[in-house]
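Chain by chain, the residues run as shown.
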Amino acid sequence: MRATVPRTACYKGAVGSASHLFAHQADLAAAPFLPTSRAEMDALGWDACDVVLVTGDAYVDHPSFGMAIVGRLLEAQGLRVGIVPQPRWQDTTDVASLGKPRLFWGVTGGNMDSMVNRYTSDRKIRRDDAYSPDAAEGLRPDRCTLVYAQRCREAFRDVPIVLGGIEASLRRIAHYDYWSDKVRRSVLTDAKADLLIFGNAERALVEVARRLRDGETIDSIRDVRGTVFMRRGLPEGWAEIDSTELDAPGPIGPSTDPYASESEGEAPKTELVGIRRRTKIAAQRHDRAKTAVRLPSFEAVRDDAVLYAHASRVLHLEANPGNARALVQAHGDRDLWLNPPPIPLSTEEMDALYELPFARVPHPRYGDAKIPAYEMIRFSVTIQRGCFGGCSFCSITEHEGRVIQSRSEDSIIREVERVRDMTPGFTGTISDLGGPTANMYRLACKSKAIEAACRKPSCVYPGVCSNLDTNHAPLISLYRKARALPGVKRVMIASGVRYDLAVESPEYVQELVEHHVGGYLKIAPEHVAEGPLSAMMKPGIGTYERFKTMFDRASKRAGKKQFLIPYFIAAHPGTRVEDMVELAVWLKTNGFEADQVQTFLPSPMASATAMYRSEKDLLHGVKRVGGDLHVPKGLKMRRLHKAFLRYHDPENWPLLRATLQRMGRAELIGNGPGALIPRSQPAPGTRPARRGAPRPGTALTQHTGLPPRKDGSAKAGRKRKRKTRARK
């Protein structure tokens, strides 16, 4: 039986209260678009903006774009909000074009971290930018949150600067930066900003804006959840738990866990043997709402990779808004203070937020220019936020949280109708009903009390939690109502399906396959070997095989030929060359030939990034001795791992031959059916023929050549290139 504890009741007593997001809504006529120029401000009759948002993305007034949501939300609070999209950063001309904001600057890098947006996992510059008009590259600087904040300070020195967005969110603490190969300070300190809001910022942003409007100063706002700021000393009435060290020389005590949340009693006396365990951090019982956990300082994690891993693990454990404590990390002679994460939005708040008066198109300033990110999502609808998968390489959880925040069915249907009626070029197909994951809509812990107390990093690893309600019935009902709307011909699902959840609901798989797959369905097994899958916190390949069986059976029952598109990662922490050989053999056996592949990219704050930096296993505690993890590093090794994913490419054969011979796996070299690569290179100017079709019963993909679509866009037997997916 499901608990009936209201969601907000689970967060009582913690830092910051949970008033309704629209409790202070004011009457202000919505602008057709938030102004981006003085001329637009004049047309609205404005002499000044209350808030000016500066962003690294083009301005698209659509709820899939963070600045549009933030701007429309603040507008709904009665504030005059302007946007400066992709300003020239060499001087303050563009940043200052809307004049001095009355309350604050809101600065963000955009929908993606600017370094992830511009550079590949091989540190090469990308040729385009999906968030810029006509995909133009070079319209934002590297680390643009820092640069924009500096220009704002130069333009109007006395106006508070508030950082937000995914770049600021994932760099809110001392973090490893892959592109410079060093640990950097919090972006708050480098930007010299006044406040940083992390995660989904709506609740914190509304409160900060309201309090600034009411006359408070920015440096007095220190009790808002989801905010980061600098301070000196511990506030009166607060207790501090020291988590700055691991083991040190001295007398041995009982085996203790620096990540535990409960005391297990007094330690017995023991003899001196050369190791001393530090006091368990939770042994001192304090009010969690008035307790801060002190992490190793920036200087310590910069110089000590093991302490960096330890700090990362504690940060991820203090991520549940129901039980998280404040975190403190010294940066020089001041402390970086992180309040607990924001309280998730209710269904009613989600509905109101996504039904704000968005124009749903790019700003007219772009004329006929195409913005690829908009073109991809213009016919899609967001139905939920958050992800409880906990994949170690992904930063979605660190930004959006583990608690799924779902919209109501009625609200989603109304937005589908707006897409149908308002979006230019709509021909009857909704391209996606989804979110970070396609099938977590309304999934939650069976008990809100358990949910609020839980400190596990994932609800589905190593297996689906017994406390997780995996009922897909609300999602099935939503699909059926959406596709029954007049003028809607098809509803497709483009978000990635979490197949370990899908197998819990055969009815969902049948519904999905029969009505919502346009020939191909993307899923992400990521690997087949136990070592990397464990480090990724992904299910075993057996779960993929089970889903594939259900998918094939459902497709046959529906009378359709449909195909799975699996994604894999090369060079992930925990992956050895032997694992890549196993994956390559599996790919060939199953008839997969990938045109493009994804090499692990250590994005800021991800657990796998801390593994990459420290070569330690974060999932089972961090130790000075033991817990080591193999990490493929260096361009040469990473390219070797990538070559195994593209075993069919003749350019990779010399490298693979040498590697297989060195490993004693020469049986995989030859022209027989059991060989992975041939003994010799093809003649110059020729391409090798495919060595046999996939065996019966295996899934074809766009890697191996697909039958034509109904619109004739793909010819039979021809490979279709797919775009490399971006990882947050």
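Structural data are supplied above this passage.
Residues numbered from 1 in each chain as written. Predicted model: local features only at pLDDT ≥ 70, side-chain atom pairs only at ≥ 80, totals over all residues. Heavy atoms only, no water.

Visitor: I'd like a rundown of the nonpolar core, residues and numbers included.
Guide: Counting residues in each nonpolar core, the largest one holds 99 residues, and the members touching the most others are Phe65, Leu74, Phe104, Leu353, Phe388 and Phe393. The element contributing the most residues to this core is helix H2 (residues 66-76), with seven residues. Discounting chain neighbours no more than four positions away, the residues touching leucine 74 are Val51, Leu79, Val81, Phe104, Leu205 and Ala209. Counting residues in each nonpolar core, the second largest holds 64 residues, with Ile541, Val581, Trp586 and Leu660 among its members. (Core = buried A, V, L, I, M, F, W, Y, C linked by side-chain atoms within 4.5 Å. Buried < 20%, exposed > 50% of the residue type's maximum accessible area, 1.4 Å probe, protein only. Helix = DSSP H or I, 4+ residues; strand = E, 2+ residues; numbered from the N terminus. Contact = heavy atoms within 4.5 Å.)

Visitor: For the sheet that holds strand E10 (residues 291-294), give the residues involved together with the corresponding values.
Guide: Read across the open sheet, the 10 strands follow the order E2-E1-E3-E4-E7-E8-E12-E11-E10-E9; overall the sheet is mixed. Two strands lie at the open edges of the sheet, namely strand E2 (81-85) and strand E9 (239-242), each paired on one side alone. Between one strand and the next, the sheet's axes are offset by a mean angle of 25°, whatever the strand orientation. With five bridges connecting them, strand E1 (residues 51-55) and strand E3 (residues 104-108) associate as parallel partners. Residue pairing in the sheet places leucine 53 in a bridge with glycine 106 of E3. Against the sheet, helix H4 (residues 144-155) engages E1, E3 and strand E4 (161-164), with an angle of about 160° to E3. (Pairing = 2+ DSSP bridges. Axes fitted to C-alpha atoms, helices over the stretch in contact; angles between N-to-C directions.)

Visitor: Pulling in residues and values, what's your account of the sheet that holds strand E23 (residues 598-599)?
Guide: Spatially, three strands are ordered E21-E22-E23 in an open sheet, and the strand pairing comes out parallel. Unpaired on one side and paired on the other, strand E21 (520-526) and E23 mark the two borders of the sheet. Inspection of the sheet shows strand E22 (residues 563-570) paired to E23 by two bridges, in the parallel sense. Of the residues in E23, the one forming a bridge with isoleucine 569 is glutamine 598. The strands that helix H22 (residues 635-645) touches are E22 and E23; relative to E22, the one it contacts most, it runs at about 160°.

Visitor: Quick one: what's the story with the side chain of lysine 616, residue by residue and with numbers?
Guide: Positionally, lysine 616 belongs in the loop between helix H21 (607-614) and H22. A polar atom in the side chain of lysine 616 sits 3.1 Å from the backbone oxygen of arginine 624. Excluding its chain neighbours within four sequence positions, the residues that come into contact with lysine 616 are Val306, Met611, Lys623, Arg624, Val625, Gly626, Gly627, Asp628 and Leu629. (Polar contact = N/O pair within 3.5 Å; in protein donor to acceptor, adjacent residues only side chain to side chain.)

Visitor: Account for the pairing of E4, naming residues and giving values.
Guide: Because side chains alternate across E4, one face comprises the buried residues Ile161 and Leu163, and the other comprises Val162 and Gly164, equally buried. In the sheet, E3 pairs with E4 via four bridges, with the strands oriented parallel. Across the sheet, tryptophan 105 pairs through a bridge with isoleucine 161, a residue of E4. The pairing of E4 with strand E7 (residues 195-197) spans two bridges and is classified as parallel. Bridged to valine 162 within E7 is leucine 195.

Visitor: Could you give me a rundown of the environment of glycine 110, with the residues and numbers involved?
Guide: Note that glycine 110 resides in the loop between E3 and helix H3 (114-118). Separated by 53 residues in the primary sequence, glycine 110 and aspartate 57 place their C-alpha atoms 5.1 Å from one another. Apart from the residues lying within four places of it in its own chain, the contact partners of glycine 110 are Thr55, Gly56, Asp57 and Ile166.

Visitor: Let's hear about the environment of methionine 580: which residues, and what values?
Guide: Tracing the backbone shows methionine 580 in helix H20 (residues 577-589). When the C-alpha atoms of methionine 580 and valine 528 are compared, they prove to be 8.9 Å apart, with 52 residues separating the residues in sequence. Setting aside anything within four residues of it in sequence, one finds methionine 580 in contact with His527, Ala570, Thr575, His641, Phe644 and Leu645.

Visitor: Describe helix H10 (residues 347-354), and please don't skip the residues or the numbers.
Guide: Those residues of H10 that sit buried are Glu349, Met350, Asp351, Leu353 and Tyr354. Buried positions along H10 lie against H2, helix H7 (202-213), strand E13 (380-382), strand E14 (384-385), strand E15 (405-406) and helix H13 (409-422).

Visitor: Just give me the short version of the packing of aromatic side chains, but keep the residues and values in it.
Guide: One pass over the structure, following the stated rule, counts 17 aromatic pairs. Between phenylalanine 65 and tyrosine 131, the aromatic rings sit 6.0 Å apart at their centres with planes inclined by 75°, giving edge-to-face as the arrangement. Linking phenylalanine 65 in the loop between E1 and H2 with tyrosine 131 in the loop between H3 and H4, this pair joins segments that are 66 residues apart in sequence. Tyrosine 131 matches phenylalanine 65 in its accessibility class, with the two residues each being buried. Arranged with centres 6.2 Å apart and planes meeting at 50°, the rings of phenylalanine 600 and tyrosine 612 form a pair that is tilted. Here tyrosine 612 lies in helix H21 and phenylalanine 600 lies in the loop between E23 and H21, a separation of 12 residues in the sequence. Among the aromatic side chains, those forming a connected cluster through ring pairs are Tyr499, Tyr544, Phe547, Phe551, Phe568, Trp586 and Phe592. In this structure, arginine 172 packs its charged tip against the face of phenylalanine 198, placed 4.1 Å from the ring centre. Here lysine 633 stacks its cationic end above the ring of tyrosine 612, 4.9 Å away from the centre of that ring. (Phe/Tyr/Trp six-rings, centres within 6.5 Å; stacked < 30°, edge-to-face > 60°. Lys NZ or Arg CZ within 6 Å of the ring centre and 35° of its normal.)

Visitor: Provide a residue-level description of the environment of glycine 531, including the pertinent values.
Guide: Its place among the elements puts glycine 531 in helix H18 (residues 530-536). Considering only alpha carbons, one finds glycine 531 and leucine 629, 98 residues apart in sequence, at a separation of 9.6 Å.

Visitor: Any details on the packing of H20 against H22? Residues and values, ideally.
Guide: Running from amino to carboxyl end, H20 crosses H22 at an angle of 20°, the nearest separation of the two axes being 8 Å. In this view, H20 runs roughly parallel relative to H22, as classed from their interaxial angle. When H20 is examined against H22, the residues Val577, Met580, Val581, Leu583, Ala584 and Leu587 are found in contact with a partner set consisting of Met637, Leu640, His641, Phe644 and Leu645. Of the residues assigned to the contact of H20 with H22, the class counts are 10 nonpolar, one polar and no charged. (Parallel < 35°, antiparallel > 145°, perpendicular 65-115°, else oblique. Nonpolar A, V, L, I, M, F, W, Y, C, P; charged D, E, K, R; others polar.)

Visitor: So what's going on with the packing of H22 against helix H23 (residues 653-663)? Which residues, and what values?
Guide: Between H22 and H23, the shortest axis-to-axis distance is 10 Å and the interhelical angle comes to 100°. The orientation of H22 relative to H23 falls into the category roughly perpendicular. Across from Leu640, Ala643 and Phe644 in H22, the residues of H23 making contact are Leu655, Leu656, Thr659 and Leu660. Counted by class, the contact of H22 with H23 contains six nonpolar, one polar and no charged residues.

Visitor: I'd love a proper account of the pairing of E22, names of residues and values included.
Guide: Most of E22 is tucked away, with eight of its eight residues classed as buried. Along E22, one buried face is formed by Phe563, Ile565, Tyr567 and Ile569 and the opposite face, lined by Leu564, Pro566, Phe568 and Ala570, is buried too. Where E21 lies against E22, five bridges are found, and the strand directions are parallel. Within E22, the residue paired with glutamate 526 across the bridge is phenylalanine 568.

Visitor: An account of unusual backbone geometry is needed here, citing residue identities and associated values.
Guide: Between tyrosine 461 and proline 462 the backbone carries a cis peptide bond, its omega angle lying at 5°. As for its position among the elements, proline 462 is in the loop between helix H14 (448-453) and strand E19 (468-469). With phi around 45°, glutamine 86 is a residue other than glycine that occupies positive phi space. You can see glutamine 86 is positioned in the loop between E2 and E3. Residue arginine 123 is not a glycine yet carries a positive backbone phi of 65°. With respect to the element layout, arginine 123 can be found in the loop between H3 and H4.

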